[in-house]
Amino acid sequence: MRFILRRLGFYLIAFWVSITLNFLLPRFMPGDPVSRMFARTQDRMQPEQIEQLRKLLGVDDRPLWEQYVGYVHNMITGQMGVSISRFPAPVTEVIGSQVGWTLLLGGTALVIAAVVGNLLGILAAWRRGGAVDSALPPLLIFIGSFPYFWLAMGALYLFGVTLGWFPIRHAFSDTIEPSYSWAFVSDVGMHLVLPALTIVLVSIGGWMLGMRNTMIATNAEDYITMAQAKGLRPGRIMFRYAARNAMLPSVTAFGMSLGFVVGGALLTEVVFAYPGVGYQLLAAVQGLDYPLMQGLFLTITAAVLLANFLVDILYVRLDPRVRSN
Amino acid sequence: MTTSIANTASSLPGETRAVDPLTGKTPDGGAGLPSGGSVRRSNQGLVHGLLTNKKAMTGAAILLVFIALALLAPVLYPDNPSKITGMASQEPDAEFWLGTTAKGQDVLALTIHGARSSLFVGLTVGFASTFIGILVGLASAYFGKFIDEALSLTTNVFLLLPGLPLLVILAAFLPPGLGTVILVLVVTGWAGSARVLRSQALSIRSKDFVAAAVVTGERPLRIMFGEILPNMASIVMGTLLACIIYGIGAQAGLEFLGLGDVSTVSWGNNLYWAGNEGALLTGSWWVFVPSGLCIALVAFSLALINYAVDEVTNPRLRKIRKTAKTNQIPTGKRAAA
């Protein structure tokens, strides 16, 4: 329990840091982004919009601490203002319409990569020097060396443009109305294949090598020898004895990756014009839509922190050493 | 992006975190640390091990080729590489070995010149983040208590803030330019190395020879850099390599999004322009393949060296001979016996 509370405190601090960062960035950066944005968009904006922007970005005349208190209060209560590029939609509404797609893309890719990668790692460590152990790690390191977005571009070019097997843009076809019909779901699935595939390809090597290295250490433990001496079936020793204990670092890595996914799929989303938060973040940056940008960053951070907190709770359940402390 | 691989190659990403709050021990399983006296010999062992390691030598060879190309770029292509020299979107032929872009620039010249900026930023970011990581890690481990708490908290917060979105936000607010790119990459990249180095420094801090140095009245700086640091050479090297990989990959990502300095020629910018000019849709594969391949090859060569450092310093990961394998007894056991 103390462990959980400690972690919770830590995540709250991290969240506070990201709010503060958001608050400080537009106020103390050289080059004055605020006036840059005003210069570009003033003639298109309503007076009340300018007013709220002034407050949000700190060009009002209140003292700094007062602005800060107001800002933190607004962020915590979810009053992130109105988007500029998608006026008059509130920032929260814009984010809400995007977040599902990122979760779908990232979640699918993450689960596939983690499950397959860990299984490969277990197999590689179990048969040291075997086919899986000697051929796959160098190959996966090589694939993992490619930039996300470049693999995405390659996949788009090869399977999308040249071969025409998969659609190349967006999350579903314009011709289909979103509904819970088979046609729509399969269309979404087809659009998901290429972006998800590139994320899986890049990240699977990390899972496999991580699992393999821990598992090699676990295999050297005495209780494994004991299990073998008892004559247990190899499959049982491999999964129930060795892999089970080697899983812990992977569980932690899973928490870290969850956050990685929300923001890390950004490049893939940009290449495929996939309508997730990453794509929206870039669009907000290009449109100098600072309220939306800050809102997206806070949402992504909050998602990362929440995911890690959930993993911590799971960790307490999995690792008795944490509980006894 | 590349961080997931980079982390794993140097040390397991989750493990440090998992073990950290409980025991403060490192994940460094069986590496066994040398005592103070044998520092020089063990570091020589590392160098020797790397020189005879096939992976390390392959990696070093690839890396050297790219460094040579980057240095020779002004000799090979004295002209401004962005100059329009041919017809638009020409396929690779005898005159333009890698074809031309949609604007009619020579892709080969762009790629070779691109190596300069990409390697420069990668190396600068790598060294700077590792340097900060060393400072934070050593200070944490040596002083402990309040300083350690504060530094660890900062490190962990930075580690948890999602890197790429933070990169994008920072790059959006700062004036564009090469300095901004480097600064932003260091700000988001140092935390990973600080955590790895701290946990390693912590385990060395508890060794007797450090206690002896403290008792004999050595100055803190001398203990940190003269006693503790040399004993973690291999981890520092692994961290440095991982940070360079991160730097190169993240720079490319940032520039691909158009958030770098679009006027410089670098691999990331080449890809940005390729995307912008619709190279994918018109089927000009030769425009985007070379730069991406170069990034991958450099990252791969660094990862190979990193992997070799792991192998040399951790005997359990070394290759085992096939003949030694008689049945399915997990072989880590045999290596330990």
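Residues numbered from 1 in each chain as written. Chains lettered and ligands numbered in written order. Predicted model: local features only at pLDDT ≥ 70, side-chain atom pairs only at ≥ 80, totals over all residues.

Enquirer: Teacher, can you tell me more about the overall build of chain A here?
Expert: For chain A, the count of helices and strands is 14 helices and 0 strands. In chain A, the succession of α and β elements from N to C terminus is α-α-α-α-α-α-α-α-α-α-α-α-α-α. Counting contacts in chain A only where the partners sit at least 6 residues apart, residues at least 24 apart contribute 74% of the total. (Helix = DSSP H or I, 4+ residues; strand = E, 2+ residues; numbered from the N terminus. Contact = placed C-beta atoms within 7 Å.)

Enquirer: Could you clarify how one ought to interpret the overall build of chain B in this entry?
Expert: Helix and strand content of chain B: 14 helices and 0 strands. In sequence order, chain B lays out its α and β elements as α-α-α-α-α-α-α-α-α-α-α-α-α-α. For chain B, the proportion of its 337 residues judged to be buried stands at 52%. Sequence separation of 24 or more characterises 71% of the internal contacts of chain B that already satisfy a separation of 6 or more. (Buried ≥ 20, exposed ≤ 12 C-beta atoms within 10 Å, placed from the backbone.)

Enquirer: Which parts of the structure should I look at to understand the packing of helix α6 (residues 131–145) of chain A against helix α8 (residues 182–219) of chain A?
Expert: In helix packing, the relevant descriptors are the interaxial angle and the interaxial distance, both defined with respect to the helix axes. Residue and element names in this part refer to chain A. At their nearest, the axes of α6 and α8 sit 8 Å apart, and the two run at 140° to each other. Relative to α8, α6 is oriented oblique. Note on packing geometry: the crossing formed by α6 with α8 is left-handed. Contacts between α6 and α8 pair Leu 136, Pro 137, Leu 140, Ile 141, Ile 143 and Gly 144 from the former with Leu 201, Val 202, Ile 204, Gly 205, Gly 206, Met 208 and Leu 209 from the latter. (Axes fitted to C-alpha atoms, helices over the stretch in contact; angles between N-to-C directions. Parallel < 35°, antiparallel > 145°, perpendicular 65-115°, else oblique. Left-handed = near helix turned anticlockwise from the far one by under 90°.)

Enquirer: Explain the confidence of the model for chain B here, please?
Expert: Detailed reading of predicted coordinates is not advised where the pLDDT is low. Residues and elements named next belong to chain B. Across chain B, pLDDT averages 76, with 79% of residues at or above 70. Across chain B, element-level confidence peaks in helix α5 (residues 107–143) with a mean pLDDT of 90 and bottoms out in helix α2 (residues 13–23) with 34. Counted against residues more than four places away or in other chains, residues 1–37, with its pLDDT under 50, gives 98 contacts. Across the predicted assembly, pTM comes out at 0.78 and ipTM at 0.77. (pLDDT = per-residue confidence, 0-100.)

Enquirer: Any chance you could explain the nonpolar core here in plain terms?
Expert: Nonpolar side chains in soluble globular proteins tend to end up buried together. Counting residues in hydrophobic clusters, the biggest one holds 180 residues, and the most contacted among them are A:Ala152, A:Met293 and B:Val168. Take this core: its biggest share by element is 19 residues, from helix α13 (residues 285–313) of chain B. Filtering out sequence-adjacent residues up to four positions away, A:Ala152 remains in contact with A:Pro195, A:Thr198, A:Leu267, A:Thr268, A:Val271 and A:Phe272. (Core = buried A, V, L, I, M, F, W, Y, C linked by C-beta atoms within 7 Å.)

Enquirer: Got a minute to help me understand the packing of helix α11 (residues 233–256) of chain B against helix α12 (residues 267–276) of chain B in this structure?
Expert: Residue and element names in this part refer to chain B. Interhelical geometry of α11 versus α12 gives an angle of 30° and a closest axis separation of 7 Å. It follows from the interaxial angle that α11 and α12 lie roughly parallel. In this structure, α11 crosses over α12, and the sense of that crossing is right-handed. Contacts between α11 and α12 involve Gln 251, Ala 252, Leu 254, Glu 255 and Phe 256 from the former and Trp 267, Gly 268, Asn 269, Leu 271, Tyr 272 and Gly 275 from the latter. Partitioning the contact of α11 with α12 into residue classes produces 6 nonpolar, 4 polar and 1 charged. (Nonpolar A, V, L, I, M, F, W, Y, C, P; charged D, E, K, R; others polar.)

Enquirer: Help me understand helix α4 (residues 54–76) of chain B, please; the structure alone is not making it clear to me.
Expert: Since one α-helical turn is 3.6 residues long, residues separated by three or four positions face the same way. In a regular helix each residue adds 1.5 Å, so 23 residues correspond to 33 Å; α4(B) covers 31 Å between its end C-alpha atoms and thus fits that length. Among the residues making up α4(B), those that are buried are B:Lys55, B:Ala56 and B:Gly59. (Expected span 1.5 Å × (residues − 1).)

Enquirer: When you look at the environment of B:Gly126 in this model, what are you seeing that I'm missing?
Expert: Residues and elements named next belong to chain B. Mapped onto the fold, Gly 126 is located in helix α5. C-alpha separation for the pair Gly 126 and Leu 241, spaced 115 residues apart in sequence, amounts to 7.2 Å. Apart from the residues lying within four places of it in its own chain, the contact partners of Gly 126 are Leu 240, Cys 243, Ile 244 and Gly 247.

Enquirer: Looking at this structure, how should I read the confidence of the model for chain A?
Expert: Confidence in the prediction for chain A averages 80 pLDDT; 86% of positions are at 70 or higher. Within chain A, helix α9 (residues 222–229) of chain A carries the highest mean pLDDT (88), whereas helix α2 (residues 33–41) of chain A carries the lowest (62).

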